[in-house]
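Remarks on the overall topology
Spelled out from the first residue to the last, the chains are:
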Amino acid sequence: MAFQIVINLIIAFMWMFLSESYSVPSFIAGYLLGILLLFLLRRFIPDTFYFRRVVKIVSLIFLFIKELLSSNIEIVKLVYSPKPNFEPAIFELPTELKSNWEITLLANLISLTPGTLSVAVSRDNTKLFIHGMDIHDNNEAIDSIKNTFEKAIMEVTR
């Protein structure tokens, strides 16, 4: 991936120098041309096309923002209800993520979402222990996290 980014930057600078236009729009045009060239020549360049991973990273960011906003609304409803009825729970989330970086990213995304907190990671890195502010069904909470954050993280890193 880093190799492709370097090639893309070189193409962008070459475009600027060859067109004798040393401006940001010229650099952006060269960068876009580089993306197109790398896409067309992707079968000759090792590794997968890097821009796909960039798109997956952006989609992970938007997923986090969506989850952040929806959980904020749910927490505000719980806090400002006349008779709060919370069901806090700690549940075990089995994870398919392997590397420390992936597990750390998942734990941080969970902790940054209001109403949830990553408490611990098992010694063998296969389970996360999560505290939820209002958990009615453990399996529903597990499926929700696995289908959103864990799936998006695996798309980015693999």
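First, a word on scope: everything that follows refers to the structure included in this document. Given the structure is predicted, the values throughout are model-derived calculations rather than measurements.

Even without a glycine there, the phi angle at Glu-20 is positive, about 55°. Note that Glu-20 resides in the loop between α1 (2–19) and α2 (24–40). Phi is positive for Asn-125, close to 60°, though the residue is something other than glycine.

A few words now on helix α5 (residues 138–157). With 20 residues, α5 ought to run about 28 Å at 1.5 Å a step, and its terminal C-alpha atoms sit 27 Å apart, in line with that. Residues Ala-141, Ile-142, Ile-145, Lys-146, Thr-148, Phe-149, Glu-150, Ala-152, Ile-153 and Val-156 constitute the buried set of α5. If you follow the buried residues of α5, they end up packed against α3 (50–79), β1 (89–94), α4 (100–112) and β3 (127–132).

Right, let's talk about the packing of aromatic side chains for a bit. Evaluated as defined, the whole model comprises 9 aromatic pairs. Ring centres of Phe-17 and Tyr-22 lie 5.7 Å apart, and the angle between their planes is 55°; this geometry places the pair in the tilted category. Taking the relative accessible area as the measure of exposure, Phe-17 reaches 48% and is therefore partly exposed. Using a relative accessible area of 57% as the deciding quantity, one classes Tyr-22 as exposed. Site record: aromatic cluster; members linked through ring pairs are Phe-13, Phe-17, Tyr-22, Phe-27 and Tyr-31.

A few words on the pairing of β1. Residues in a regular strand point their side chains to alternate faces of the sheet. Alternating positions in β1 separate cleanly, Ala-89, Phe-91 and Leu-93 being buried on one face and Ile-90, Glu-92 and Pro-94 remaining unburied on the opposite face. The pairing of β1 with β3 spans 6 bridges and is classified as antiparallel. Each residue of the ladder has a partner; that of Phe-91, found in β3, is Ile-130.

The subject of this paragraph is the packing of α1 against α2. Close contact between α1 and α2 brings their axes to 7 Å; oriented N to C, the two are set at 130°. Looking at the two axes, α1 sits oblique to α2. Considering the relative orientation of α1 and α2, their crossing is right-handed. Contacts between α1 and α2 pair Gln-4, Ile-7, Asn-8, Leu-9, Ile-11, Ala-12, Phe-13, Trp-15, Met-16 and Ser-19 from the former with Ser-26, Phe-27, Ala-29, Gly-30, Tyr-31, Leu-33, Gly-34, Ile-35, Leu-37 and Leu-38 from the latter. A breakdown of the residues in the contact of α1 with α2 according to their chemical character gives 14 nonpolar, 6 polar and no charged.

Turning our eyes to something else, we now look at the pairing of β3. Only one face of β3 is buried: it carries Leu-128, Ile-130 and Gly-132, and the other face, with Lys-127, Phe-129 and His-131, is open. Both strand β2 (residues 116–121) and β3 contribute to a ladder of 5 bridges, which runs antiparallel. Of the residues in β3, the one forming a bridge with Leu-117 is His-131. Remark: 5 residues form the turn of the hairpin made by β2 and β3, two consecutive strands paired antiparallel; Asn-125 in that turn has positive phi of roughly 60°.

Attention now moves to the pattern of salt bridges. Counting across every chain of the model gives 5 salt bridges. Glu-155 serves as the salt-bridge partner of Lys-56, at 3.8 Å between the closest nitrogen and oxygen. Remark: Glu-155 occurs in helix α5 and Lys-56 occurs in helix α3; sequence separation between them is 99 residues. Its relative accessible area of 34% is what places Lys-56 among the partly exposed residues. On the basis of relative accessible area, Glu-155 is assigned to the partly exposed category, the value being 36%. For the salt bridge of Lys-66 with Glu-67, the shortest nitrogen-to-oxygen distance reads 3.3 Å. According to the relative accessible area criterion, Glu-67 is buried, its value standing at 17%.

How each quantity is defined
- Residues numbered from 1 in each chain as written.
- Predicted model: local features only at pLDDT ≥ 70, side-chain atom pairs only at ≥ 80, totals over all residues.
- Heavy atoms only, no water.
- Helix = DSSP H or I, 4+ residues; strand = E, 2+ residues; numbered from the N terminus.
- Expected span 1.5 Å × (residues − 1).
- Buried < 20%, exposed > 50% of the residue type's maximum accessible area, 1.4 Å probe, protein only.
- Contact = heavy atoms within 4.5 Å.
- Phe/Tyr/Trp six-rings, centres within 6.5 Å; stacked < 30°, edge-to-face > 60°.
- Pairing = 2+ DSSP bridges.
- Axes fitted to C-alpha atoms, helices over the stretch in contact; angles between N-to-C directions.
- Parallel < 35°, antiparallel > 145°, perpendicular 65-115°, else oblique.
- Left-handed = near helix turned anticlockwise from the far one by under 90°.
- Nonpolar A, V, L, I, M, F, W, Y, C, P; charged D, E, K, R; others polar.
- Salt bridge = Lys/Arg side-chain N within 4 Å of Asp/Glu carboxyl O.

These values are about where atoms sit, not about what they do.
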